[in-house]
Amino acid sequence: MTKSCSTEIKFSNGQKIPVELHKVRMVQKLHLKPVEERLAAMEKGGYNTFQLNTKDIFLDMLTDSGTNAMSDNQISSMLRADDAYAGSQSFYRMEEAVREVFGKHWVLPVHQGRAAENIISQAFIKKGDVIPMNYHFTTTKAHMELNGGEVLEIFTDEALKIKSDVPFKGNIDIKKLEGVVEKYGKDNVAFIRMEASTNLIGGQPFSIQNMREVRKVADKYGIMFVLDASLIGENAYFIKKREEEFKNAEISEILLLMCSFADVVYFSSRKVSSTRGGGICTNSEELFMKMRDLVVLFEGFVTYGGMSVREIEAMAVGLYETTDETVISQSPSFIEYAVTELDKLGVPVVTPAGALGCHVDAMDFLPHVPQSEYPAGALAAALFIISGIRGMERGTISSVRDAEGNDVLADVELLRLAFPRRVFTLSQTMYVVDRVNWLYKNRELVGGLVFTDEPAVLRFFNGRLKPTSDWPTKLVAKFKADFGDSL
Ligand code: F0G
């Protein structure tokens, strides 16, 4: 096999420019609609970017979930899928891939990441338990709370700082972890959870050193250690780039080492292996048996777990591709380009650049919009209106209300602009930088949002909002004054 290399290529003038180390062989036409039509689409979508129709979107940067480009090898693998309810060869190929890439023997397929969270929460959380972790993810927290657990975030002091040069903001604070076990007692700690490339704080990785220390605490008290590996490929890439000890290691070695610390590893295949579905794996038959029958109950038979055999085949190939540095460096190198350019322009973005997306700090971007009026949601709506770029709110709208019905204000208000693997080009990335910068220069025109329809659970998905004033109309007028008839 040809040795893979990072997509971060040095140019002769010293600049680091990400280069697409793939060629485009199938394309999808995009539409850049006039600004008035984008405003109408945003109004129709209740100022929630989840409610938009992709026919109105130019660059869909909502998420990388299920939107990474699939490889030629993945697509072709789907043709040999073995249709069988039970015992499909497709499953055994996928099982083999999990064993080789993650080093775990017992494998359960599920229909996506949150299904794994449902199974793990049902199997291992009892009412009143706490679950310490580097940071929560929305669906993780929802499933844990549904099963009577309480999420405790024990991140380091650096984790929530927007501007930082700390390479591993996703680390767990070991002292706080010990404190949690002492306070609640080891029998009330369901398990410790670590999330690779910690999503909600800007795709920030943890180090191997930190995993080693977490493992020590887990061993000392006999507590289970669960790894959310949905973004493990990128985390492994950051370990190679940022942790001295691993600068010459192969990504495949780092992946195996990361998984070796955890008792249970679960993943959303929509992210890690660029297809659909998900999985749970472990080397403990006892833990496997605690989960197996829940998979049958909620997902489907244990050799398909709610997935089509075609998806399972593509998952197997995608897992092997996660060990390829060229594949997993693509999204981080484009993110780093966008973050560096925006930072140079003075736009507040999370640094160091992480995985998944470029994260814009909405509280600093829109200091005049109070958190109770959802600055990150407002910024997502405004950016779509002026550019056709769809980002995702990762702030208080993605949070919950407390028992009194008050918003639990998010620690950080971020607009996430996702870079699904091998989907966008450099000129599209330059367009993103330009439009975010234009919006920053005109930021005083952006106002807040208020809910008009608010679901009780995971409200950010289906909630509807409206602007607190006619700010969108004024924003469109300024856009037209500056750009004329250009879209
Ligand atoms: N864990 C992490 C770290 C995730 O980022 C996600 C999904 C899940 C679990 C749940 O997986 O969607 O397959 O059920 N993240 C997506 C996102 C939705 O856009 O960040 P799922």
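See the structure printed just above.
All values reported here derive from a predicted model rather than from experimental measurement.

A full pass over the atoms with the stated rule returns 17 aromatic pairs. Each ring, one from Tyr47 and one from Trp471, has its centre 6.5 Å from the other, and the planes form 65 degrees; the classification is edge-to-face. Separated by 424 residues along the polypeptide, Tyr47 in the loop between α1 (35-44) and β3 (59-60) and Trp471 in helix α18 (residues 471-483) bring together distant segments of the chain. The exposure classification of Tyr47 matches that of Trp471, with both residues buried. Counting every residue linked through ring pairs, the aromatic cluster contains Phe50, Phe460 and Phe461. Stacked on the ring of Phe460, the Lys or Arg Arg394 has its end atom at 4.9 Å from the ring centre. The aromatic ring of Tyr440 is capped on one face by Arg443, whose charged end is 4.0 Å from the ring centroid.

Of all 5 residues making up strand β11 (residues 357-361), 5 are buried, and the element is well covered by its neighbours. Pairing between β11 and strand β14 (residues 414-418): 5 bridges, direction antiparallel. Its bridge partner being in β14, His359 is matched across the sheet by Arg416.

The subject of this paragraph is the packing of helix α3 (residues 89-102) against helix α12 (residues 309-321). Axis separation between α3 and α12 bottoms out at 8 Å; the angle between their running directions is 20 degrees. Classified by the angle their axes make, α3 and α12 are roughly parallel. The chirality of how α3 crosses α12 is left-handed. When α3 is examined against α12, the residues Ser90, Phe91, Arg93, Met94, Glu96, Ala97, Val98, Glu100, Val101 and Phe102 are found in contact with a partner set consisting of Val309, Ile312, Glu313, Met315, Ala316, Leu319 and Tyr320. Looking at the contact of α3 with α12 residue by residue, the class counts come to 12 nonpolar, 1 polar and 4 charged.

Rules used throughout
- Residues numbered from 1 in each chain as written.
- Predicted model: local features only at pLDDT ≥ 70, side-chain atom pairs only at ≥ 80, totals over all residues.
- Heavy atoms only, no water.
- Phe/Tyr/Trp six-rings, centres within 6.5 Å; stacked < 30°, edge-to-face > 60°.
- Helix = DSSP H or I, 4+ residues; strand = E, 2+ residues; numbered from the N terminus.
- Buried < 20%, exposed > 50% of the residue type's maximum accessible area, 1.4 Å probe, protein only.
- Lys NZ or Arg CZ within 6 Å of the ring centre and 35° of its normal.
- Pairing = 2+ DSSP bridges.
- Axes fitted to C-alpha atoms, helices over the stretch in contact; angles between N-to-C directions.
- Parallel < 35°, antiparallel > 145°, perpendicular 65-115°, else oblique.
- Left-handed = near helix turned anticlockwise from the far one by under 90°.
- Contact = heavy atoms within 4.5 Å.
- Nonpolar A, V, L, I, M, F, W, Y, C, P; charged D, E, K, R; others polar.

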